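Descriptive analysis of the structure
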Amino acid sequence: MSVNHPPELLNANIAQLNAQPLNSASWELDKIVQELRNARNDWRAQRGRSREPGLRELPSRDALQQIIRDLCGALFPMRLGPQELREETEDYYVGHTLDAALNELLRQVQLELIYFARQQNSQDDETVLRIQANQIVRLFAAALPELRRTLDVDIQAAYQGDPAARSVDEVLLCYPGVLAIIHHRLAHTLYQLGVPLLARIVAELAHSLTGIDIHPGAEIGRGFFIDHGTGVVIGETAVIGERVRIYQAVTLGAKTFPTDDKGNLQKGLPRHPIVEDEVVIYAGATVLGRITIGKGSVIGGNVWLTRSVPPGSSITQASSRQQAPQEADV
């Protein structure tokens, strides 16, 4: 609610502020800094973290952003690399860029492993964790060539699936769905290799850029195309087959959230849909629960679906309403 101040009061306040010297002392920074320290200490004490290590212990979102930018350039150097790049220096650029990106990724993986080891009071020596981090990054690097081939199939699917697309280059450079799936393929690889926090940061970078929210745990087959994309949500345990196409504002979510005997949410249980090959899901559809959308099915716009459908189904709002009373909870 806005408050209307009398003009004479506003003018007096402005005059008073203008009379003050323009330096940091006018902000009472010493007091604010102390109060912020008190707030941090209270938070740490509540969580049993009264003693923080001297250096930053969590991975850096900014560092991950640069790593992903470099990886995109290395995967698609002549399209997502630097403007001045020439084809004859392509391999040199890819090698140099990957070396920088993977070394920084190694530092971020080490931070995550050491952080979680501390949180869990693990007895693992930091030397062992650093060796584990090195192995994770080696496996990640080895996966990049096949990841590039998978992305080529995704990009081709986007080009073929949109009559407005004039080239695969346009699709790669312009389509938010393609940017989101590039991030997801990288994030999912990190997730599988055991660094879920880094994976989640990468996924949220894409979410911020595109409005498309894909949990890095979701399993997505080749030839996946998100058209337009804004508002798409794909949950952690969703399984999507090959050559699937979805449109903006589609949700593949959970219907229920099981709890344990203490009322705490149970983590990691399969709770999101299975979408088989060659399914199309149109804008605004909401598909909830561990149900299966059979191969080749078409789910119409704005449908609310909580039951499995057999292969080749065509579900519209009208058919969904007619069958809703017979639906069983999932």
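As for the side chain of Asp162
Its location among the elements puts Asp162 in the loop between helix 6 (126–161) and helix 7 (168–174). Looking at Asp162, its side chain comes within polar contact range of the side chain of Tyr175, at 2.7 Å. Look past the residues within four positions of Asp162 in its chain and what remains in contact with it is Tyr175, Phe225 and Asp227.

Overview of the sheet that holds strand 14 (residues 314–315)
With parallel pairing, the five strands of this open sheet are ordered in space as 3-6-9-12-14. The sheet terminates laterally at strand 3 (225–226) and strand 14, the two strands that pair on one side only. As paired elements, strand 6 (residues 245–246) and strand 9 (residues 280–281) share two bridges and run parallel to each other. Bridge pairing in strand 9 places Ile246 opposite Ile281.

Quick look at the pattern of salt bridges
For the structure shown, the criterion picks out twelve salt bridges. The closest approach of N and O atoms between Arg222 and Glu146, which form a salt bridge, is 3.4 Å. You can see Arg222 sitting in the loop between strand 2 (219–220) and strand 3 and its partner Glu146 sitting in helix 6, a full 76 residues away along the chain. The class of Arg222 is partly exposed, set by a relative accessible area of 31%. Overall, Glu146 belongs to the partly exposed group, its relative accessible area being 47%. Several salt bridges share partner residues, and in doing so they unite Glu57, Arg118, Glu126 and Arg130 into one network.

Side note on the packing of helix 8 (residues 176–192) against helix 9 (residues 196–210)
For the pair helix 8 and helix 9, the least separation of the axes is 8 Å and the interaxial angle reads 175°. Here helix 8 lies roughly antiparallel to helix 9, going by the angle between them. Each of Pro176, Leu179, Ala180, His183, Ala187, Leu190 and Tyr191 in helix 8 lies in contact with helix 9, whose residues at this interface are Pro196, Leu198, Ala199, Val202, Ala203, Leu205, Ala206, Leu209 and Thr210. The class makeup of the residues in the contact of helix 8 with helix 9 is 14 nonpolar, two polar and no charged.

Re the packing of aromatic side chains
For the coordinates displayed, the defined rule picks out three aromatic pairs. Centre to centre, the rings of Tyr115 and Phe116 are 5.0 Å apart; their planes meet at 70°, and the pair counts as edge-to-face. By relative accessible area, Tyr115 is classed as buried at 12%.

Details of the side chain of Glu236
Relative to the assigned elements, Glu236 resides in the loop between strand 4 (233–234) and strand 5 (239–240). Looking at Glu236, its side chain comes within polar contact range of the side chain of Tyr191, at 2.7 Å.

Observations concerning the sheet that holds strand 1 (residues 213–214)
Strand order across the open sheet formed by five strands is 1-4-7-10-13, with parallel pairing between neighbours. Edge strands, defined here as strands with exactly one partner in the open sheet, are strand 1 and strand 13 (304–305). Two elements, strand 1 and strand 4, share two bridges in a ladder whose sense is parallel. Across the sheet, Ile214 pairs through a bridge with Ile234, a residue of strand 4.

Regarding the packing of helix 5 (residues 90–119) against helix 6
With their axes 8 Å apart at the nearest point, helix 5 and helix 6 run at an angle of 135° to one another. Taken together, helix 5 and helix 6 sit at an angle that is classed as oblique. As for the relative orientation of helix 5 and helix 6, their crossing is right-handed in sense. Residues Leu98, Leu102, Leu105, Leu106, Val109, Gln110, Leu113, Ile114, Ala117 and Arg118 of helix 5 touch helix 6, and the partners they reach there are Glu126, Leu129, Arg130, Gln132, Ala133, Asn134, Ile136, Val137, Phe140, Ala141 and Leu144. Here the contact of helix 5 with helix 6 is built from residues that sort into 15 nonpolar, three polar and three charged.

Thoughts on helix 2 (residues 29–46)
In this model, helix 2 (18 residues) spans 26 Å end to end at C-alpha, consistent with the 26 Å of a helix rising 1.5 Å per residue. Positive phi appears at Gly48, one or two residues downstream of helix 2, with a value of about 65°.

Some details on unusual backbone geometry
Even without being a glycine, Ala249 presents a positive backbone phi close to 65°. Take Ala249: it is sitting in the loop between strand 6 and strand 7 (251–253). Overall, the relative accessible area of 34% leaves Ala249 in the partly exposed class. Here the phi dihedral of Asn302 falls at roughly 65°; this positive angle occurs in a residue that is not glycine. When you line up the elements, Asn302 lands in the loop between strand 12 (298–299) and strand 13. Here Asn302 falls in the exposed class, since its relative accessible area comes to 51%.

Reading the values: the criteria
Residues numbered from 1 in each chain as written. Predicted model: local features only at pLDDT ≥ 70, side-chain atom pairs only at ≥ 80, totals over all residues. Heavy atoms only, no water. Helix = DSSP H or I, 4+ residues; strand = E, 2+ residues; numbered from the N terminus. Polar contact = N/O pair within 3.5 Å; in protein donor to acceptor, adjacent residues only side chain to side chain. Contact = heavy atoms within 4.5 Å. Pairing = 2+ DSSP bridges. Salt bridge = Lys/Arg side-chain N within 4 Å of Asp/Glu carboxyl O. Buried < 20%, exposed > 50% of the residue type's maximum accessible area, 1.4 Å probe, protein only. Axes fitted to C-alpha atoms, helices over the stretch in contact; angles between N-to-C directions. Parallel < 35°, antiparallel > 145°, perpendicular 65-115°, else oblique. Nonpolar A, V, L, I, M, F, W, Y, C, P; charged D, E, K, R; others polar. Phe/Tyr/Trp six-rings, centres within 6.5 Å; stacked < 30°, edge-to-face > 60°. Left-handed = near helix turned anticlockwise from the far one by under 90°. Expected span 1.5 Å × (residues − 1).

On their own, these measurements won't tell you what the molecule is for.
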